[in-house]
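# Descriptive structure summary
Here are the chains, one letter per residue:
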Amino acid sequence: MMRTADLVSSASRALRSNPLRSALTALGVIIGVASVVAMVALGSGAQAMVERSIASLGSNLLIVVPGAQQSGGVRMAQGGGGRDTLTLDDAEAIGQLEGVLAVAPSQRSGAQIVANGLNWNTRIEGVTPSYLLARDWDVAQGRFFDESEERQARRVVVLGATVARELFANVDPIGQTMRINGGSYEVIGVLTSKGQSGFGMDQDDIVLAPLTTVKRRISGRQRRADTVSQISVKAGSEGELNRLQEDVENLLRERHRIRAGDDDDFTVQNLSSITETAAQTTQVFTYLLGGISAVSLLVGGIGIMNIMLVSVTERTREIGLRKALGARQSDILHQFSLEAVTLSLAGGMIGLALGVAGAWAMTSLFNLPLVISPQNALMAIAFSGLVGVLFGAYPAWRAAKLDPIEALRRE
Amino acid sequence: MMATLIEANNLVKLYQMGDETVHALDGVSFSVPRGDYCAIVGPSGSGKSTMMNILGGLDTPTSGRIVIDGADIAELSDEQLAGFRNKTIGFIFQSFNLLPRLSALENVELPMIYGGVLPKERRERAAELLHRVGLGERMGHRPTQLSGGQQQRVAIARALAGRPALVLADEPTGALDSNTGKEILALFSQLNSEGATIVIVTHDHEVAAATRRTIEMRDGHIVSDRQNGSRAA
Ligand SMILES: Nc1ncnc2c1ncn2[C@@H]1O[C@H](COP(=O)(O)OP(=O)(O)O)[C@@H](O)[C@H]1O
Ligand SMILES: [Mg+2]
């Protein structure tokens, strides 16, 4: 019985006796693993970026908007006018549902802002204080308005980071006055930056004001006083989100007296399912890239098999001799398998290093986050080892089965 | 320990060559006591190599029974045969068959690696054996740095590494000039006088004359089996 240490030294000795050939044989696996690692890292980077930007909208979030789901063309709800179907009472009722952490009705309006001698066109969102919690948002500077300021329709605003930067580049915005649609408002806070949303919109290009203020003073009197353009609903946990979505839908159908079979006059968007879909899409993309690269790994495996077969033929006499001296079939099998696995594992590790370097170069080029999970790295190594086992098996088996008499007779 | 090392009874080895059956061995019986030193001679094609392969556990007879050192060769599994070759047999070949990448010392260690002997122990034993065959100063040399006679000495040391019950040599002097051949034969005689059982296959009657006993084969049969008077004890 051969000792493992002797097996290893005997295999490594055989590989070192022909270093150029060993290196060229491993090269196939090196390229294969490097491209798999780089492609998967690139795909994961893209995936992480998509997930991150969608998650920035808020976690565990349902967004209720007026109008029916648009599917297969533009098909709005009948009767309801499609616009003013959500009310403050709807929001309050939703707040009573089980598992709701925060509910925030809001009214969106566009407006021209003048401040500090500058003009800026942006969205004005009339919100309640619970909006921050619902949207996982926070103030970076100053403060947010409270319940009583909201009720009293105070003329205060909190700026998104973009607006603050554009209008108050050189001054502290807190305490400044700005004019919206002719009225004047005091800036009391600036929000933290959220960056772009998954849909490419700058989320920081916004001004938040008390909901009542927006309803009464900004969005105009043509609308009913108690309607809102959106209700944000935050669930306590992601697990509750799907159930809560159903509860919200049932509640609103009941409140809006929509009969079975009729279309809803509202839509509940589940951000986590949107995130999931987007993540799945990029993941499929990642697997596709990885799969294509894996083909080159297979080609590397075939290269190993080819060279191992050549090696068995060249070393026929040696194998015969080893058998005559007492090597068992399993000893020969192990030695040749180990040579193949060593080649492919070494190739795998070098390939991993090159792949990481390549991924780093590409992600910094495309400005993506560099995502290399230890599992993926381990998988690349394990896979390259597997390639060695699979493609080394046949040559090793051929070597083990050689008839020693025939082999010794060979020149 | 039994006095008889090899007991061969009516050995037959057939080879099928297309429609023709070749009787490489056609009913061969003989026995070899421990400590014997014998030569198997005969013209080419007489069955010497076939006999050698069976004695060495590289091949099994088509029929008949052969027991070596208490082991019935036909009964052994592939794995047991490997162990038998490792422990019971020491092979010496006409063309030395040293591994060119290994030093003399490592070549001698090789069978002990398959025997699972620990590195320190096998290195010591290999060095001791190389001293014994007169190569104590050349242990680190590669085979290509050694003369033919020196290479065969390394091969002899390697054959002795597993303390074999039987040393088998196939034309051990065939690739050497006559003086070197005589030195190798002298080494065999010395080993035999120290107790080794040796069987040499040769077509050279001068080589056969250096042994104690000559078994002559022809067409798969033993045609004569006699003690060599001049050397007989
Ligand atoms: N593998 C084989 N296949 C077919 N015939 C063989 C084989 N090995 C040996 N023979 C035949 O068996 C006979 C004995 O051969 P061998 O033992 O090599 O004789 P020697 O070694 O005395 O020259 C010869 O006729 C040879 O052709
Ligand atoms: Mg022969």
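Just so it is clear, the model here is predicted, and its values are computed rather than measured. (Residues numbered from 1 in each chain as written. Chains lettered and ligands numbered in written order. Predicted model: local features only at pLDDT ≥ 70, side-chain atom pairs only at ≥ 80, totals over all residues. Heavy atoms only, no water.)

## Regarding the overall build of chain B
What counts here: Secondary structure follows DSSP: runs of H or I at least 4 residues long count as helices, runs of E at least 2 residues long count as strands, and numbering of each begins at the N terminus. Two things to know: the radius of gyration comes from C-alpha atoms, and the globule rule equals 2.2 Å times the number of residues to the power 0.38. Residue exposure (1.4 Å probe, protein chains only): buried if accessible area is under 20% of the type maximum, exposed if over 50%, otherwise partly exposed. The contact criterion used is simple: two residues touch if any of their non-hydrogen atoms lie within 4.5 Å.
When helices and strands are counted, chain B shows seven helices and ten strands. Relative to the compact-globule value of 17 Å for 233 residues, chain B shows a C-alpha radius of gyration of 17 Å, a close match. Once the C-alpha set of chain B is aligned to its principal axes, its extents read approximately 50 × 40 × 40 Å. Burial analysis of chain B (233 residues in total) assigns 54% to the buried set. Residue pairs in contact within chain B that sit at least 24 positions apart in sequence constitute 69% of those at least 6 positions apart.

## So, the overall build of chain A
Under the convention used in this document: Counted as positive: Lys and Arg. Counted as negative: Asp and Glu. His and the chain ends are not counted at all. By convention, charge coordinates are those of NZ in Lys, CZ in Arg, CG in Asp, or CD in Glu.
Helices and strands together make up the secondary structure of chain A, namely 13 helices and ten strands. For 411 residues, the compact-globule estimate of 2.2 N^0.38 gives 22 Å, and chain A exceeds it by more than 25% at 33 Å. Expressed along its principal axes, the backbone C-alpha trace of chain A runs to roughly 105 × 60 × 35 Å. Taken over 411 residues, chain A has a buried fraction of 50%. In chain A, the proportion of contacts linking residues at least 24 apart, taken out of those at least 6 apart, comes to 78%. Positive and negative side-chain charges of chain A, numbering 38 and 39 respectively, have mean locations separated by a distance of 6 Å.

## Some words on the side chain of Thr286 of chain A
Considering the arrangement of structural elements, one finds Thr286 of chain A in helix α9 (residues 271-314). Beyond its immediate sequence surroundings of up to four residues, Thr286 of chain A is in contact with Val40, Gly43, Ser44 and Gln47 of chain A.

## Topic: the sheet that holds strand β7 (residues 166-170) of chain B
All names here are of chain B. As a reminder of what qualifies: We call two strands paired when DSSP finds no fewer than two bridges between them. To get an axis, a line is fitted to the C-alpha atoms, and for a helix only the part in contact is used. The angle between two axes follows their N-to-C directions and goes from 0 to 180 degrees.
The strand order across the open sheet formed by six strands is β6-β7-β8-β3-β9-β10, and the pairing between neighbours is mixed. For this open sheet the edge positions go to β6 (89-92) and β10 (221-227), each flanked by a neighbour on one side alone. In this sheet, neighbouring strand axes are inclined to one another by 15 degrees on average, regardless of whether the strands run parallel or antiparallel. Bridge analysis of β6 against β7 gives four bridges, and the strand direction is parallel.

## Side note on the pattern of salt bridges
Worth spelling out the cut-off: Only one rule defines a salt bridge in this text: a Lys or Arg side-chain nitrogen within 4 Å of an Asp or Glu carboxyl oxygen.
What the rule picks out here adds up to 32 salt bridges over all chains. Arg13 of chain A is paired through a salt bridge with Glu106 of chain B; the nearest N and O atoms lie 3.0 Å apart. You can see Arg13 of chain A sitting in helix α1 (residues 4-16) and its partner Glu106 of chain B sitting in helix α3 (residues 104-114), one on each of two chains. Taking the relative accessible area as the measure of exposure, Arg13 of chain A reaches 29% and is therefore partly exposed. Glu106 of chain B gets classed as partly exposed once you look at its relative accessible area, which sits at 26%. The residue Arg322 of chain A makes a salt bridge to Glu318 of chain A at a minimum N-O spacing of 2.8 Å. Note that Arg322 of chain A and Glu318 of chain A are positioned in helix α10 (residues 316-324) at a spacing of four residues, about one turn of the helix. By the burial criterion, Arg322 of chain A is buried, and Glu318 of chain A matches it.

## So, the site of ligand 1
All names here are of chain B. We apply this condition: For this purpose, a residue is taken to be near a molecule or strand whenever a single non-hydrogen atom of the residue falls within 4 Å of it. A 3.5 Å cut-off defines polar contacts: any pair of N or O atoms within that distance qualifies, except that in protein one atom must be a possible hydrogen donor and the other a possible acceptor, and neighbouring residues in sequence count only when both atoms are side-chain atoms. For the accessible areas, the method is Shrake-Rupley and the probe is 1.4 Å, while residue cover comes only from the protein chains on display. As a working rule, the residues Ala, Val, Leu, Ile, Met, Phe, Trp, Tyr, Cys and Pro are called nonpolar, Asp, Glu, Lys and Arg charged, and the rest polar, with Gly in that last group.
In the vicinity of ligand 1, the contacting residues are Tyr15, Met17, Val22, Ala24, Pro43, Ser44, Gly45, Ser46, Gly47, Lys48, Ser49 and Thr50. With respect to ligand 1, the backbone of Gly45 contributes an N or O atom lying 2.7 Å from an oxygen atom. One of the backbone nitrogen or oxygen atoms of Lys48 is found 2.9 Å away from an oxygen atom of ligand 1. Contact with the protein chains removes 70% of the 560 Å² of surface that ligand 1 exposes when unbound. Elements represented by at least two residues in the shell around ligand 1 include exactly β1 (4-17), β2 (20-33) and α1 (48-55). It is α1 that contributes the most residues to the shell around ligand 1, three residues altogether. Here the residues of the shell around ligand 1 sort into five nonpolar, six polar and one charged.

## What to know about the confidence of the model for chain A
Spelled out, the test is: A residue's pLDDT is simply how confident the predictor is in it, with values from 0 to 100.
Averaged over all residues, the pLDDT of chain A equals 86, while 94% of them reach at least 70. The low-confidence segment residues 72-81 of chain A, where pLDDT is below 50, has ten contacts with residues more than four positions distant or belonging to other chains.

## So, the environment of Leu208 of chain A
Residues and elements named next belong to chain A. For Leu208, the location among the structural elements is in strand β8 (residues 206-210). Remark: the alpha-carbon pair of Leu208 and Val157, spanning 51 residues in sequence, is separated by 5.6 Å. Ignoring anything within four residues of it in the chain, the contact list for Leu208 reads Glu125, Val127, Tyr131, Phe144, Phe145, Val156, Val157, Val158 and Leu191.

## Focus: the interface of chain B and chain A
Selection criterion: Summed over both partners, buried area is the accessible surface (1.4 Å probe) that two parts give up on being assembled.
Contacts between the two partners involve 28 residues from chain B and, on the opposite side, 23 residues from chain A. Around 2300 Å² of area is buried between chain B and chain A when both sides are counted, 56% of it from carbon and sulfur atoms. Broken down residue by residue, the surface that chain B buries against chain A is led by Leu58, Arg101 and Tyr114 of chain B, which jointly contribute 32%. At the junction of chain B with chain A, the criterion picks out four salt bridges. For Arg328 of chain A, the salt bridge identified is with Glu79 of chain B, shortest N-O distance 2.6 Å.

## A closer look at the sheet that holds strand β5 (residues 71-72) of chain B
Residues and elements named next belong to chain B. Across the sheet, four strands lie side by side as β2-β1-β4-β5; this open sheet has antiparallel pairing. Either end of the sheet is taken by a strand with one partner, and the two such strands are β2 and β5. In this structure, strand β4 (residues 63-68) lies alongside β5, joined through two bridges in antiparallel fashion. Its bridge partner lying in β5, Val67 is registered against Asp72. Relative to the sheet, α1 contacts β1, β2 and β4, its axis offset from that of β2 by approximately 60 degrees.

## A short note on the nonpolar core
The test is simple: As used in this record, nonpolar core signifies buried Ala, Val, Leu, Ile, Met, Phe, Trp, Tyr and Cys residues forming a set joined through side-chain atoms within 4.5 Å.
Of all hydrophobic cores here, the largest spans 68 residues; its most connected members are Ile6, Phe30, Met51, Leu55 and Ile66 of chain B. The greatest single-element share of this core, amounting to eight residues, is contributed by helix α12 (residues 374-401) of chain A. Not counting chain neighbours up to four residues away, the residues in contact with Phe30 of chain B comprise Ile6, Glu7, Ala8, Met51, Leu55, Arg213, Ile215, Ile222 and Asp225 of chain B. With 34 residues, the next largest nonpolar core counts Ala126, Val133, Leu135 and Ala155 of chain B among its residues.

## What to know about the environment of Ser35 of chain A
Residue and element names in this part refer to chain A. Within the secondary structure, Ser35 sits in helix α2 (residues 19-55). A C-alpha to C-alpha distance of 53 Å links Ser35 and Ala115, two positions 80 residues apart in sequence. Contact partners of Ser35, with chain neighbours within four places excluded, come to Ser293 and Ser296.

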